[in-house]
Amino acid sequence: MPPPPRPLQHPPQAPSPAPQRPPAPVSPGAAQALLGFGQVRHTRLRPTRHAFAYGTYFLMLPMRSLRAHGPGELARNRRSALSFFDADHGDGRADALAWLDELLVQHGVCDATGEVWLHTHPRVWGHTFKPVSFWYAHRPDGALAAVVAEVNNTFGERHCYLLVAPRWGQPCQADKVFHVSPFCSVQGHYRFVFMRTTANGPAAPRTVARVDLHDDEGPLVCTSVSGTLVPLNAASRRRALWRHPVMTVGVVARIHWQALQLWTKRVRWFSKPQPPADFVTR
């Protein structure tokens, strides 16, 4: 089974071939931090079928609005039962948005100056593990300029997949280069689909992020995280902690429980290779 998560070894920030400053961001409106309540789904199709679904919650944070207008109800970079720390992302610096802006410019994405929404797990009672976080970087007109899928494994390693100019509801893909599970080799490609709806009358906004792994034989693993978005406030925090009081510890425990089940089903085990030399794949 995979080992318990190790402390992340933050990769050094790769220098840009032609250093340049991120463009001055467009000042966004005061978007509000959100909590998402929903499900994580995972289905392995081969060589034996294995599927599960768990209830979960997650943060959806408007990072530029938080910078411009303050954290509001979000416990940011301070201890709380449910909190967010910038250092849990990117290269570990105190301003994760600055890291993202630099990464995008270094890779030629210079128009992502609209709102940046971060879909991620919080720290719960000081503990976190974030299998994947999604950074939705928008242009000033609201269109998506890029999505960064920031992936962590249980070996304390991190890698980012950069998807340039994706469209809501349309598939985009990236080659798999980073070890996540010992039951999948580092080959094939990921197929991403992102969806987000706005509030429509009594219906709350929703988000869906689907990531499917394909190999030479076709789809191998299908995963998704989805949820209904509500304002982050005292009531929604209580709801989250009441329903899932140790959610992030549960994420780690479930990873190992599912690994044990795959092992008992004699699914092939793959040793962990060295992480890719480049921190970002596009």
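Rules and cut-offs
Residues numbered from 1 in each chain as written. Predicted model: local features only at pLDDT ≥ 70, side-chain atom pairs only at ≥ 80, totals over all residues. Heavy atoms only, no water. Helix = DSSP H or I, 4+ residues; strand = E, 2+ residues; numbered from the N terminus. Buried < 20%, exposed > 50% of the residue type's maximum accessible area, 1.4 Å probe, protein only. Areas by Shrake-Rupley, 256 points an atom, 1.4 Å probe, with all protein chains shown as cover. Expected span 1.5 Å × (residues − 1). Contact = heavy atoms within 4.5 Å. Phe/Tyr/Trp six-rings, centres within 6.5 Å; stacked < 30°, edge-to-face > 60°. Lys NZ or Arg CZ within 6 Å of the ring centre and 35° of its normal. Pairing = 2+ DSSP bridges. Core = buried A, V, L, I, M, F, W, Y, C linked by side-chain atoms within 4.5 Å.

Draft legend 1. Fine view of the overall build of the chain. When its secondary structure is counted, the chain shows four helices and 13 strands. In the chain, which comprises 282 residues, the share counted as buried stands at 49%. When the accessible area of the chain is evaluated, it comes to approximately 13700 Å², of which 55% is carbon and sulfur surface.

Draft legend 2. Spatial organisation of helix α4 (residues 247-264). For α4, with 18 residues, the first-to-last C-alpha span of 26 Å sits near the 26 Å given by 1.5 Å per residue. As for α4, its buried residues are in contact with β1 (34-44), β2 (50-62) and β5 (123-124). Just downstream of α4, Arg266 is the residue with a positive phi angle, here 60°.

Draft legend 3. How the structure looks around the packing of aromatic side chains. For the structure on display, the rule yields eleven aromatic pairs. Members of the aromatic cluster, connected to one another through ring pairs, are Phe134, Tyr136, Tyr161, Trp168, Tyr190, Phe192 and Phe194. The ring of Trp117 has Arg196 lying over it, and the distance from NZ or CZ to the ring centre is 4.3 Å. For Arg239, the ring lying beneath its charged end belongs to Phe37, and the centroid distance is 3.8 Å.

Draft legend 4. A look at the sheet that holds strand β10 (residues 189-197). Spatially, eleven strands are ordered β9-β10-β11-β12-β1-β2-β4-β6-β7-β8-β13 in an open sheet, and the strand pairing comes out mixed. Two strands in the sheet have a free side with no partner beyond their single neighbour: β9 (172-175) and β13 (280-281). Of the pairings in the sheet, the one linking β1 to β2 comprises eleven bridges and is antiparallel in character. The residue bridging Leu34 from the neighbouring strand is Met60, located in β2.

Draft legend 5. Seen up close, the nonpolar core. Grouped together as the largest cluster of nonpolar side chains are 40 residues, with contacts concentrated most on Tyr57, Leu61, Met63, Leu104 and Trp135. Ignoring anything within four residues of it in the chain, the contact list for Leu61 reads Ala33, Leu66, Leu74, Phe84, Val116, Trp117 and Leu118. Counting residues in hydrophobic clusters, the runner-up holds 26 residues, among them Trp117, Phe192, Leu213 and Leu229.

Draft legend 6. Here's a closer look at the environment of Val225. In this structure, Val225 sits in strand β12 (residues 218-231). When neighbours within four sequence positions are excluded, Val225 is seen to be in contact with Gln39, Val40, Thr56, Phe58, His119, Phe134, Thr207, Val208 and Ala209.

Draft legend 7. Inspection of unusual backbone geometry at higher detail. Along the chain, Arg46 connects to Pro47 via a cis peptide bond; the corresponding omega equals -10°. Looking at the secondary structure, you find Pro47 in the loop between β1 and β2. With phi around 60°, Asn77 is a residue other than glycine that occupies positive phi space. Mapped onto the fold, Asn77 is located in the loop between α1 (63-69) and β3 (82-83). Even without being a glycine, Arg266 presents a positive backbone phi close to 60°. With respect to the secondary-structure elements, Arg266 resides in the loop between α4 and β13. By relative accessible area, Arg266 is classed as exposed at 76%.

Draft legend 8. Region of the structure containing the pairing of strand β6 (residues 132-138). Buried residues dominate β6, accounting for six of its seven residues. As defined by bridge partners, strand β4 (residues 116-120) adjoins β6 across four bridges and the pair is classed as antiparallel. Along β6, the bridge assignment pairs Val116 with Ala137. The sheet contact formed by β6 and strand β7 (residues 144-152) spans seven bridges and is antiparallel. Across the sheet, residue Ala137 finds its bridge partner in β7, namely Ala146. Hairpin connection of β6 to β7: five residues between the antiparallel strands, including Gly142 at a positive phi of 95°.

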